[in-house]
Structure formats: structure tokens, C-alpha cells
Amino acid sequence: RATAFWHPFRTLADARAPVRLTVDRTTVRRGDSVTVTVEVPAATRATLWTRRPGEAWAPGAIDLDSLGRATRRVGPLESDLYLRASSGTRRSVERKVSVQVPAFIAGLELTAHYPAYLAHPDEPLVPGTDTIAVPEGSTILTRGAASVPLATAAWLHGRSRSALKIDGAGFAGRLEPTGEGSGSWVLEVVTAEGAPIEGEPSELVLRVIPDSAPVVTLPVPGRDTMLPLSLKQPLVIDARDDHGLTRLQVVSWRVSQTGKVGEAVRESLDVSGAGERVIVQGEIDAEHRGLLPGDTLRIRAEAWDNAPVPHIGRSAEIALRLPSLEELRAATRAATRDVATAADSIAAAQRDLGTRTGDLAQQRSRDATGSRRPGDAGARDGTLPFQATERAQAVAREQEALQQRVRELSRAVEEIARAAQAAGLDDSAFQARLREVQELLQRAVTPELAARLRELQEALLRLDPEAMRRALERLAEAQQQLRAELERSQELFRRAAVEGALATLAADAEDLKRRQAEWNQANAPHPDSAAAARQRALAERTDSLTSGIERVATDLGAPPPPAPGALAAPRQAAREAGAAMQRAARSADQGQAAPAQQAGTEAENQLAAVPDALRGRRDSLAREWREETLVALDRALSETAALAQRQERVAEALRRGEAGAPTRAQQASVEEGTDAVARQIREAAGKHALVSPQLDAALGYAKRQMAAARGQLEEADPNPSEAAGAAEDAVDALNATALALARSRARVAGAQSGTGFAEAVEQLARLARDQQGLNGQAQGLLPMMGASGEAVAEQLRALAARQRALAEQLERVQAGGASSAAGPLAQEAKEVARQLEAGRLDRQTIERQQRLYHRLLDAGRTLSNDEPDENKERVSRAATGDSVHLPGALKPGATGAGPRLRYPSWEELQGLTPEQRRLVLEYFRRLNAPGQ
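A quick note: this is a predicted structure, and the numbers were derived from the prediction, not measured.

About the thresholds
Residues numbered from 1 in each chain as written. Predicted model: local features only at pLDDT ≥ 70, side-chain atom pairs only at ≥ 80, totals over all residues. Heavy atoms only, no water. Helix = DSSP H or I, 4+ residues; strand = E, 2+ residues; numbered from the N terminus. Buried < 20%, exposed > 50% of the residue type's maximum accessible area, 1.4 Å probe, protein only. Contact = heavy atoms within 4.5 Å. Areas by Shrake-Rupley, 256 points an atom, 1.4 Å probe, with all protein chains shown as cover. pLDDT = per-residue confidence, 0-100. Polar contact = N/O pair within 3.5 Å; in protein donor to acceptor, adjacent residues only side chain to side chain. Pairing = 2+ DSSP bridges. Axes fitted to C-alpha atoms, helices over the stretch in contact; angles between N-to-C directions. Salt bridge = Lys/Arg side-chain N within 4 Å of Asp/Glu carboxyl O. Phe/Tyr/Trp six-rings, centres within 6.5 Å; stacked < 30°, edge-to-face > 60°. Lys NZ or Arg CZ within 6 Å of the ring centre and 35° of its normal. Core = buried A, V, L, I, M, F, W, Y, C linked by side-chain atoms within 4.5 Å. Expected span 1.5 Å × (residues − 1). Parallel < 35°, antiparallel > 145°, perpendicular 65-115°, else oblique. Left-handed = near helix turned anticlockwise from the far one by under 90°. Nonpolar A, V, L, I, M, F, W, Y, C, P; charged D, E, K, R; others polar.

**Considerations on the overall build of the protein chain**
- What the protein chain contains, in helices and strands, is 20 helices and 28 strands.
- Residues classed as buried in the protein chain amount to 43% of the 932 residues present.
- Across the protein chain, the fraction of contacts at a sequence separation of at least 24, relative to all contacts at a separation of at least 6, is 71%.
- Total accessible area on the protein chain stands at roughly 46,900 Å², and carbon and sulfur atoms take up 50% of it.

**Considerations on the confidence of the model for the protein chain**
- On average, the protein chain scores 75 in pLDDT, and the residues at 70 or more come to 73%.
- Considering only residues more than four positions removed or in separate chains, one finds that residues 1-14, a stretch of pLDDT under 50, has six contacts.
- Long-range and interchain partners of residues 371-382, a stretch whose pLDDT sits below 50, account for 15 contacts in this model, where long-range means more than four residues apart.

**Describing the side chain of Arg300**
- Within the secondary structure, Arg300 sits in strand S26 (residues 296-305).
- Given the relative accessible area of 16%, Arg300 is considered buried.
- A polar contact of 2.8 Å, which involves the side chain of Arg300, links it to the side chain of Glu302.
- Those residues in contact with Arg300, other than ones at most four positions away along the chain, are Leu218, Gln249, Val250, Val251, Trp253, Arg266, Arg314, Ser315, Ala316 and Glu317.

**Focus: the sheet that holds strand S1 (residues 20-23)**
- The three strands are arranged S1-S3-S6 in an open sheet whose pairing can be described as antiparallel. Each edge of the sheet is formed by a strand with only one pairing partner; in this case those strands are S1 and strand S6 (69-74). Taken pair by pair, the neighbouring strands of this sheet meet at an average axis angle of 20°, ignoring direction.
- Of the strand pairs in this sheet, S1 and strand S3 (residues 34-39) are connected by four bridges, and their pairing is antiparallel. Following the sheet pairing, Leu21 is matched in S3 by Val38.

**Remarks on the sheet that holds strand S20 (residues 215-220)**
- Reading across from one edge, S20-S22-S25 is the order of the three strands in this open sheet, with antiparallel pairing throughout. Edge positions in the open sheet fall to S20 and strand S25 (277-285), since each of these has one partner strand only. Within the sheet, the average angular offset between the axes of one strand and its neighbour, ignoring direction, is 25°.
- Here strand S22 (residues 232-240) pairs with S25 via nine bridges, running antiparallel.

**Considering unusual backbone geometry**
- Pro76 follows Gly75 through a cis peptide bond whose omega is -5°.
- Residue placement: Pro76 occurs in the loop between S6 and strand S7 (81-87).
- The omega torsion across Val220 and Pro221 is 10°, close enough to zero to call that bond cis.

**Here we look at the pattern of salt bridges**
- Following the criterion strictly, the structure yields 28 salt bridges and no others.
- One salt bridge connects Glu550 with Arg575, and the closest N-O pair in it is separated by 2.7 Å. Highlighted residues: Glu550 in helix H8 (residues 529-555) and Arg575 in helix H9 (residues 568-589), separated in sequence by 25 residues.
- For Glu550, a relative accessible area of 27% gives the class partly exposed.
- One continuous salt-bridge network, built from bridges that share partners, spans Arg266, Arg298, Arg300, Glu302, Arg314 and Glu317.

**Examining the packing of aromatic side chains**
- All chains considered together, the criterion is met by zero aromatic pairs.
- Lying over the aromatic face of Trp49, Arg84 brings its terminal NZ or CZ to 5.4 Å of the ring centre.
- Between Arg84 and the ring centre of Trp57, over which it is positioned, the NZ or CZ distance is 4.5 Å.

**Considering the pairing of strand S9 (residues 95-100)**
- Bridge count for strand S2 (residues 27-29) against S9 is three bridges, and the pairing is parallel. Paired with Val28 across the strands is Val99, a residue of S9.
- Across three bridges, S7 lies against S9 in antiparallel orientation. Note that in S9 the partner of Leu83 across the bridge is Arg95.

**Some thoughts on the nonpolar core**
- In terms of nonpolar packing, the biggest core is built from 33 residues, with Trp519, Leu545, Ile549 and Leu614 touching the most fellow members.
- Within the residue set of this core, elements represented by two or more residues are helix H7 (465-522), H8, H9, helix H10 (593-608) and helix H11 (610-655).
- Among all residues touching Trp519, those that are not within four sequence positions of it are Ala524, Ala531, Arg534, Gln535, Leu538, Ala584, Ala588, Ala596 and Gly600.

**Notes on H8**
- The first and last C-alpha atoms of H8 sit 39 Å apart over 27 residues, in line with the 39 Å expected at 1.5 Å per residue.
- Residues of H8 that are buried include every one of Ala531, Ala532, Gln535, Leu538, Ala539, Thr542, Leu545, Thr546, Gly548, Ile549, Val552 and Ala553, and no others.
- Residue Asp528 occupies the N-cap position of H8, its side-chain oxygen lying 3.4 Å from the main-chain nitrogen of Ala530.

**A look at the packing of H11 against helix H12 (residues 661-685)**
- Relative to each other, H11 and H12 sit at 160°, their axes nearing to 9 Å. In terms of their interaxial angle, H11 and H12 are classed as roughly antiparallel. As for how H11 packs across H12, the hand of that crossing is left-handed.
- The residue makeup of the contact of H11 with H12, split by class, is eleven nonpolar, ten polar and four charged.

**Here's the deal with the environment of Pro570**
- As for its position among the elements, Pro570 is in helix H9.
- On the accessibility criterion, Pro570 (3% relative accessible area) is buried.
- Through-space distance from the C-alpha of Pro570 to that of Ala613 is 6.2 Å; in sequence the pair is 43 residues apart.
- Sequence-distant contacts of Pro570, defined by excluding residues within four places in its chain, comprise Ile549, Val610, Ala613 and Leu614.

**Comments concerning H9**
- With 22 residues, H9 should reach 32 Å at 1.5 Å per residue; the first-to-last C-alpha distance of 32 Å fits that figure.
- Two residues or fewer past H9, Gly591 is found with a positive phi of approximately 75°.

**Observations concerning the environment of Gln233**
- Its place among the elements puts Gln233 in strand S22.
- Sequence separation between Gln233 and Gly282 is 49 residues, and the spatial gap between their C-alpha atoms is 8.6 Å.
- The contacts of Gln233, once residues within four sequence positions are left out, are Pro221, Thr225, Met226, Leu227, Pro228, Gly282, Glu283, Ile284 and Leu320.

**Observations concerning the side chain of Ser87**
- With respect to the helices, strands and loops of the structure, Ser87 is situated in strand S7.
- Classification of Ser87 as buried rests on a relative accessible area of 10%.

**Examining the packing of H8 against H9**
- Orientation of H8 relative to H9, taken along the N-to-C sense of each, is 165°, at an axis distance of 8 Å. Judged by the inter-axis angle, H8 sits roughly antiparallel to H9. Here H8 runs over H9; the crossing is left-handed.
- When the residues that make up the contact of H8 with H9 are grouped by side-chain class, the tally is 13 nonpolar, six polar and six charged.

So this is what it looks like as C-alpha cells:
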């Protein structure tokens, strides 16, 4: 009997089966592990080979289970791994497990690039949750790299996206946040394989600071106001910006009474190199803007900063209202009174300063003759005492300040003339008076006075007592001339102010009468509260008219009401008209048409005679002033003639050899009479423009000759013959003065105006027309100058005679005191006449004649001209901007009024010895000397 068993066994095919190697993943992340399975049929053992890149294979024995299979865990892996398995001569295919590198941002650089106008260097930025402030317009330069190739990269902020350029694993670009870009910006990076980026995304928290617009204010005028009388509003503009300003403009536009807005006018101001803040002075000239009374000129200032896209800042708008005609006339009267008061103050200050200068000069003269105290330091070393130096410097400073006040007064008179024209006061006589006052003020500040101030300062710098004495004496003489001109202009302006006030009041009265007639026609038949309000406004203006008439009456010295006076009738009429207007207003409030009409008609009738009465008073004043001047001239003429006769008797006595006490006493008496006549002539010259102030100079020559004759008689050994010659010269001077007085009286008697300005202007205008005729004849002769002939020479001599005659007329105008410009014009006319008499007529001579003609036009202020004039009148204005040219004598510091370094005061020096004080002052004088 037999038993059968099943026994497993390997076949030949199993023994030759391949080795299989499998891994669960062929790509893993760094640090992960993989599961490796080895299958070898019919085997119990196998070898697992591993290799990393760049290394050799490393074997590892593994035991297989009964099925020829084994599983192993390999890891964690840091790099790629190559695997294979073998068993005997059999081996598996080679497997690779790739270790994937993690995706992360390997590097990130952020740089803030600020706008160029900030002049700020670039700065690095650090991402994070901290807020970073950047100015608007900044650019954030971004540069970085990831650990793996990238597909896209961008900064994200809400819906805003700023893409970056990709170059493999690197990225770069620009982020330009705008005003809305404040907040968190996140860097979004997407890898090429879509793997997520490890770690928190980069974040940039920004606060974009916008560039503020410039801040502009107008401190002057600062608020709504009225235009000044000159129609030129000064401006002070304060503009500032946190970085810098590039442009500044003043914008102005007209708004009419009806609300119509005109076109804006822009005026640029220079702010180059101003920096972050600038304070600019400017001016709005409304004289040629076509403004009507009651219109408004609105202004504002605009400034631009230096940002790439400039920001503009605007100031608040300011309204400049042009006063009505009534307000302009009232302002003109007020300004005239103020200027008259200023003229009185300046004249008084000049008189006081002249007295002190004369006293100081006399004191220095006494010191020069040896009357100084023996203990005086200045007497020992020949230098100036400190007190004398201080007093002389104070005189120089005060004189310079007075000259500046005179210039300001002249400009104020010019502004009053322009304001009067704007107010409708086109009275040629009043305008001529204002021009003459201005000319007198300009003539008062002479170059000689500035030269005397300069001499005094130079003497003080040298510490020269003798030079200072001479300078003080000359300064006192120049101050006498300035004082005379100021006193003359003072009286003339007072009279011009009265005439101007009467003219403005007459215009106000006419306007009130017209408006009252309009109210009677339109409002009185329909009385209501609105009509009553308009009537009360007219009543208030009538009260102002009454006050103005009373003020003029006070200026004229008229008795106060109820005493009768020259202005009593118009004053009473204005008062009654105001009362009637108040009754009309009350009736209108009550709705009573008939009483309102009756009261309104009464007010109109009362006002009807006021304008003519005021103008009549002005004309009567002109006649009174002319008669007053004639009386003064008659008195001066008669006294001058009597003095000439008395002086003739003195000369006869001296020729007979009578040099005793009676002759000396008679000569001294004539001198005193000459002083009295000189005062009368100065007063007359201050009241009428046709009275020559040079008559006083002629009398001065007579006085000097009388003093010379008396000096000869007072000597120990008198010389009657020389005294007789001086006395005869004095007689001739007195006779010449009497003749000039007679001529002046004839001119004043023939004048129609009270002060003679209109006649003086007309005389210069007539001479300008004569010169124009001479120019035409000379131009006609110019082509014939190449030909020889007696006829041409005769015509040239006749032309020269007419030119010389015109020069003589100009000399007479100068002698009459009508215009200070007549003297230089007469000299130029003589030069032209000499050229023509010599037979020299060429193009240069023709041009000189043309210039002389135009200068005559300017001197006469005529409105006619052979050249087109866009303004239809010749108007003189003060120089502004780069057209202002001051002579050296008038520049600050030229007369010692403004030293670069302050001199020590007496309180600071009184503790030193005289020699030490002298050394200290000498030190400061050298420091302040020109050129140091």
C-alpha cells in the first residue's frame, strides 16, 4: 500500500523571474519618507541598493517572506534618491524618488524712491505690519526671488493690483501708491507648478501722505474795504508751502453794481528762489480798470507749489469797493484837510530845525574864535566835542526825515489831484493849483540841500571843527530856502483846499438836487416805507453837506451861525432842505402823498440855489485873494520906491564925504525898511503864483550892498567913496526891484484866477505853440542848407531872432515865478538860438528844438500834442519798480541817517574819559565810512 504528498517546489521559471521594485511615490517633499516594496519570487533574501546624486551605491540586505516579498520605509529624504534591488544575478529596474524643494520667498528688497522736488535720498523699506508713511508721488522699487520658478507676482490692495515682471524664479517691478493707496499691500506670488508658497505672505502697510496745496493769505488789505483815493491798493501776500513755491499770481475782476462779472486779470509776481515761504508786497492799480462809482473789484492770490503735478492754493476773496461820487468827494475834502495839516506841521518843524541849525552854527563860530572853555577836550586837541557831534548828527538825521516827509506830502497832493478827477472835479483852476503846490514841494527838496547834508556828514567823519562850522552855516542857508518854499506852498495849498472843498460841496449839492427831483417824481406819488427810507438817506447826505459848508466857513474864519457870513445863505438853505426831507420821509411812512410831495418840492427848491452860491463864493474868494495880493504889491511897491529915494539921499551924502553918525543911522534905517519890504514880498509870493519869489533875492542883493556901505562907515578909518559906490549899487537894486514889482502887479491884475495858476499854464502852453512853429520853419530850411545864398542866411537869422525872443519870454516866466522849469528851458532856447545865429542848422539842431517843444508841453501840462496820445492827456506818475533811480545823495545812509553800525549813546560813553570817547567814536566812524 502507498501514500501520496503535495510538496511545493520552485520551478525553473520561478528561479529566473525578475526582481520587482516598487515605491509608493516618486516625488516627495523634503523630509518625507517613501515605502519601498521588493518582490523576488522563489527567494528568501535580496539586496536593496540606494544612491544619492554624486554618491556610490550603498547595499542593504533585506529578508523576504515566504512569498518572496519585503517592504521597507526609507526616509526622511533630503535629496533625490535612486533605488534598485537585486537577488543573485537578478536585479530590478532603477527607480528615482525626486525630493521636491519647498516654494518660499528667498529674498525681497524694497526701496522707496521719493519725488525729485523733495530732494530726499532713497530709503530702504522693511515689510511687516508697521505702518510706513510715504509722500504722494513716491515709487517703491521691488526686487526679489523665490525658491522655485514663478508664474506671476503682484502687489494687491483691495481691487488694486500692481503687477511685477517675472524672470524665472526672480521678480522685479514698481509700486506707485496714489492717494487712495493707503492701507495694506500684500505680495502675491504664484509658482510655475502651482505649489503654494510657504510662510506668511509679505505685507507692506502704507500711509500715503498727499502733498498739501500752498497756503495763501492777504494780510493787507486783510478784509473787504474801499479803494483808496489813489485807486491803488497796496497788497501784502503771505504764501507758504511745505516744500517750495514756483508761481504766485494776483487775480482780480470787476463786479458792476448790477452784478455783471468782468473778465479776470492775472498779474504774476516773482517768487523764484523763494523757498518754502514768501511775503511779497504788491499793488493793485485800478485806475485803468474801467471801474464806475459803486463798482467792486474782487481780488485773490493764487500760488503753485513745485510738485510734478502742481497743487494750487487760493486765498480768500477780498472785495475792494469803489466809493460813489459823493463818497469820493467827501474823501477828497478829508484828504485835503489832512494834507493841509501835514503841510503846517512840516513847515513848523522846518522852522524849528532851521533855528536850531543856526544856533549850532553860531555856537561853532564862537568856539572857532576862541570862546571855548579852557578845559574842553576839543579845545586842547582840535577835535569836536562829543555833545557838538551828537547835536550835528541829530540835525542831519532830522533834516533827512523832513525831506522824506516833504516827498510824501508831494505824493499825497498828486493822489488828491487824481482822486478829484475820479470824483468828477475837472475844474482846471483847482487842478492847476494842486500841480503848482506839488511843483513847489518838489522844488523845495533841492540838490543843494542834499549836498550840504553830505558836507556836514563828511566833516563829522573827519572830526573837523572848522569844516563842520562851514557845513552848518551852508546847511542853515539851504534850510532857509526850503522853509520859504514850504511856507509858500503851505498858504497856496490852504487856499487850494478851500477852493476844492467849495467845488466838491457844489457838486454834492447838484447831485442832491437831482436825486430829490427824481424822488419827487417817482416816489412821492406812491409813498411807502421804502420811499421813506430813500428820503431819509437823502436827508443824511444833506446833513453832511451842511456840516461841510460849516467846516469851510470855519476854515475861512467866518462867524459861526446864527451870525451872518459869506456862506450863511447856502448853509441855511441846506439845513432847511434837510428838515423838509425829514418831513417828507415822515409823510411817506404814513402813506400821505400830498404832504410828502409838498415837503419834497420844498427841499428841491431849497437846494436849487446852493450850488451857484458855493461857486459864487469861490469866485469871490478868487477876487478877494487877487485884490489882497494887489494891495500887498502896491504897498511893497510904494515902500520900495520910498526906500530907493532915501537910499539915494544916503548915496549923495556919502559922495559929499559925510560919513558921520547921522549918515550911518539913515543907512541902518533903510536896511530895516528893506527887511520889512522883503517880508511883504514873501507873503505876496505865497498867495499868488504870478508874484516872483526872486524879488526877495533882488532885495537881498540891495541889503548886502547897504551892509557893505555901513561896514565901511563903521570902520575906524571910514572910506566914504567906497561906501558911496556900494550905496549907489543898492539904489540900482531897489529900482530894479520896484520895476519887477510893477510888472508882477500888472500880471496879477490881468489874471482871472485868484492865484494865477491858470494864466501861468496858459503862458507856457502859448510858448510851446510858438516853439512848434519855429520847429516847422527850421525843418523847411534844412533841405536848403547845402545851397549858398543871402536869402537862406537871412531866413536863418530871422529864425534865430525868433528863437532868442522865445528864450527871453521864458526868462520872464521864470522871473514871474510861474514855473521852476522855465529857467532851464530858457537856457536851452538860447543855445539853439546861438546855433542858428552861427549858421549851423542840421539834424541835431532840429532834434534839440523838438525836445525843447516837448519839454514845454510837459512844463505847461497842456493837452495838445503833435503825437498821438492814447490817454488823451499827459499825466505824471511816481516812478515804480526798476524805473526808480535815486541819486547817491538821497540813498539811505548817504547823509548819515543810516549808519551800518549803531553809534554808542551818551549813556554808554559817559563813564569814559574824553580821550577814550574820541577813540571809540573814531573807531565807529571808520567802520561806517563808505567803502569799508
